[in-house]
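Next come the chains, spelled out residue by residue.
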Amino acid sequence: MRQRGQAVHVLDIGTGTGLLSMMAAKLGADTVYACEAFKPMAECASKIIAENGFADKIKLVPKRSTDLTVGQGKDLPRRANILVTEVFDTELIGEGAIGTFTHAHKQLLEEDCIVIPSYANLYVQVVTSDLVRRWNRVEDIVVNDSRVTAPDEISSCGGAPSLHDLQLDQLPMDTFTVLTEPKRVFRFDFTGKTSLPFENTSILDCTMKNSGSVDAVFMWWDLEMDPDSEIILSCAPRWAHPTPDNMQWRDHWMQAIYYPYSQLTVAKGDSVKVISKHDEYSLWFDVAMDTVKDNCPEEHPICRCGAHISYGRARMGMLNDPDRNKLYMEILRKVFIYLLDVSTQPVTSL
Ligand SMILES: C[S@@+](CC[C@H](N)C(=O)[O-])C[C@H]1O[C@@H](n2cnc3c(N)ncnc32)[C@H](O)[C@@H]1O
C-alpha cells in the first residue's frame, strides 16, 4: 500500500488476543481496526492491547464482522485496504470463513485491498487402513467360529458428521497404505477477485496406487499468505509437507480424517472418482468407480444408526478391535466357568 502511495488502513477480523492488530500497528499502519465476536475474548484483547501500549493505535470493536457499520461516526470510518484475519479451524471453513470473507469484500474492504491470507488450498489423500476404518465402521465380531453381525443400518451408516481431527504424523506409517497421491480438491480465493462459492463439488479421476478397501480420506490445507503466494503456511503431514525438516508444531490446526460414504474395494491401477463436497461450514467426501454413478449425498451425511453418536471414535475402535474382543471373550468364558462351578456347589460347602 505504501508502494502504491496509499495510506494503510488495516482491519483484523476475529482479533482474539489482538496479536495481528498489534503486529500491523507495529509495522506502521495508519489505522488499525480490530473486531471480535466473542465478548469475553474481546475483553481479553482490550486488556492485552492496552498493556502492550497500543490502546491509542488500535480501535477494538466487540462485534461480529458481519455486524460492523462503515461511515463517519460508525464502527469503521472508512473501508479498510488491508484485511488480516485468522478465522480458520482444522476443517478450514468450520468457523464461517466463507461468509466472513464474502461479507468483508462486499461491505468492509476497498476493491484493490490486500488480503492476508490470500488463498487456501485443500488437499486429500485416499487410504486403506484396518485401524482407521475401525474408528468409524461397525464390523462383525468374530470369536473362534462364531460371528456376530451388526444390523445393516449400523454397518452401512456413514458415521458421525463431526470432524475427526488428529495429528496424522502420530499415526504409524505401517497402519495405512495410500491409494492415491495427495490431491488438491478445492482452492479458496480470499482476495475478492473471484467470488467464494458457499457450496462446491470437486470430482477427480484418480488411479489407484495400491489395492484395498477405500477406508478413509485424509485431509489438510495450506494458506498462501501473500498475494504473490511466496509465503506458504502448510498444515500437511510430514510425508506431504513442502519443508518436512522445518515444520511448526500446531495443535489447533491438525489434519482430519473423513470416512467415505460408499464402501468400495479397489485394485491397483483402477480409475476411481474421488468426490469432495463442501457447504458453508463443512466438508464431506465419497468415492465411486469410474463407470458407476456416484451416490455421494448432496447434503452433509449424518449418523442414522445412533451408534456413532453414542460412541466416540476411540471407543468405536475398541469395540471393533478383534484382538481385544478375543481377549475379552476368553476372560468372560473363564468367569462364566467359575460362576457355573460355584453355582453347582452345595451352599454348605461354600
Ligand atoms: C482462531 S481465533 C483468531 C486468533 C487471533 N488472530 C489471535 O492472534 O489471537 C479466531 C477468532 O475469531 C473470532 N471470529 C470468527 N469469526 C469472526 C467474525 N466474522 N467476526 C468477528 N470475530 C470472529 C472468534 O471468536 C475467535 O476469537
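Here goes a summary of the coordinates provided. Keep in mind it's a predicted model, so treat the numbers as computed, not measured.

## Comments concerning the packing of aromatic side chains
Aromatic rings considered in pairs are described by the distance between their centres and by the relative angle of their planes.
Alright, step 1. Considering all chains together, one arrives at 12 aromatic pairs under this definition.
Alright, step 2. Look at Phe101 and Phe190: their rings are 4.1 Å apart centre to centre, the planes differ by 10°, and that puts the pair in the stacked class. One end of the pair, Phe101, is in helix 3 (residues 97-108); the other, Phe190, is in the loop between strand 11 (183-189) and strand 12 (200-207), with 89 residues separating them in the sequence. Note on accessibility: Phe101 and Phe190 belong to one class, buried.
Alright, step 3. When the centroid spacing of 6.4 Å and the interplanar angle of 20° are considered together, the rings of Tyr123 and Trp220 count as stacked. With Tyr123 in strand 6 (residues 119-128) and Trp220 in strand 14 (residues 216-224), this pair connects stretches of sequence that are 97 residues apart.

## Concerning the site of the ligand
Alright, step 1. Close to the ligand lie 19 residues, the nearest being Gly14, Thr17, Glu36, Ser65 and Glu86.
Alright, step 2. Between Glu36 and the ligand, the recorded distance is 2.6 Å, taken from a side-chain N or O atom to an oxygen atom.
Alright, step 3. Within the backbone of Ser65, one N or O atom sits 2.9 Å away from a nitrogen atom of the ligand.
Alright, step 4. Considering the ligand on its own, with 600 Å² of exposed area, one finds that the protein chains cover 82% of that surface.
Alright, step 5. The residue makeup of the shell around the ligand, split by class, is 8 nonpolar, 6 polar and 5 charged.

## Focus: the pairing of strand 6
Alright, step 1. In terms of burial, strand 6 is largely enclosed, as 10 of its 10 residues are buried.
Alright, step 2. Across the two faces of strand 6 the burial is the same, with Tyr119, Asn121, Tyr123, Gln125 and Val127 and Ala120, Leu122, Val124, Val126 and Thr128 all buried.
Alright, step 3. Relative to strand 11, strand 6 is paired through 6 bridges, and the arrangement is antiparallel. Bridging from a neighbouring strand, Tyr119 pairs with Asp189 of strand 11.
Alright, step 4. Note that strand 6 and strand 14 share 9 bridges and pair antiparallel. From the neighbouring strand, Asn121 faces strand 14, where its bridge partner is Asp222.
Alright, step 5. Sheet topology note: the strand 6/strand 10 (residues 177-178) ladder contains 2 bridges and is antiparallel. Bridge pairing in strand 10 links Val127 to Val178.

Criteria and thresholds
Residues numbered from 1 in each chain as written. Predicted model: local features only at pLDDT ≥ 70, side-chain atom pairs only at ≥ 80, totals over all residues. Heavy atoms only, no water. Phe/Tyr/Trp six-rings, centres within 6.5 Å; stacked < 30°, edge-to-face > 60°. Helix = DSSP H or I, 4+ residues; strand = E, 2+ residues; numbered from the N terminus. Buried < 20%, exposed > 50% of the residue type's maximum accessible area, 1.4 Å probe, protein only. Near = heavy atom within 4 Å. Polar contact = N/O pair within 3.5 Å; in protein donor to acceptor, adjacent residues only side chain to side chain. Areas by Shrake-Rupley, 256 points an atom, 1.4 Å probe, with all protein chains shown as cover. Nonpolar A, V, L, I, M, F, W, Y, C, P; charged D, E, K, R; others polar. Pairing = 2+ DSSP bridges.

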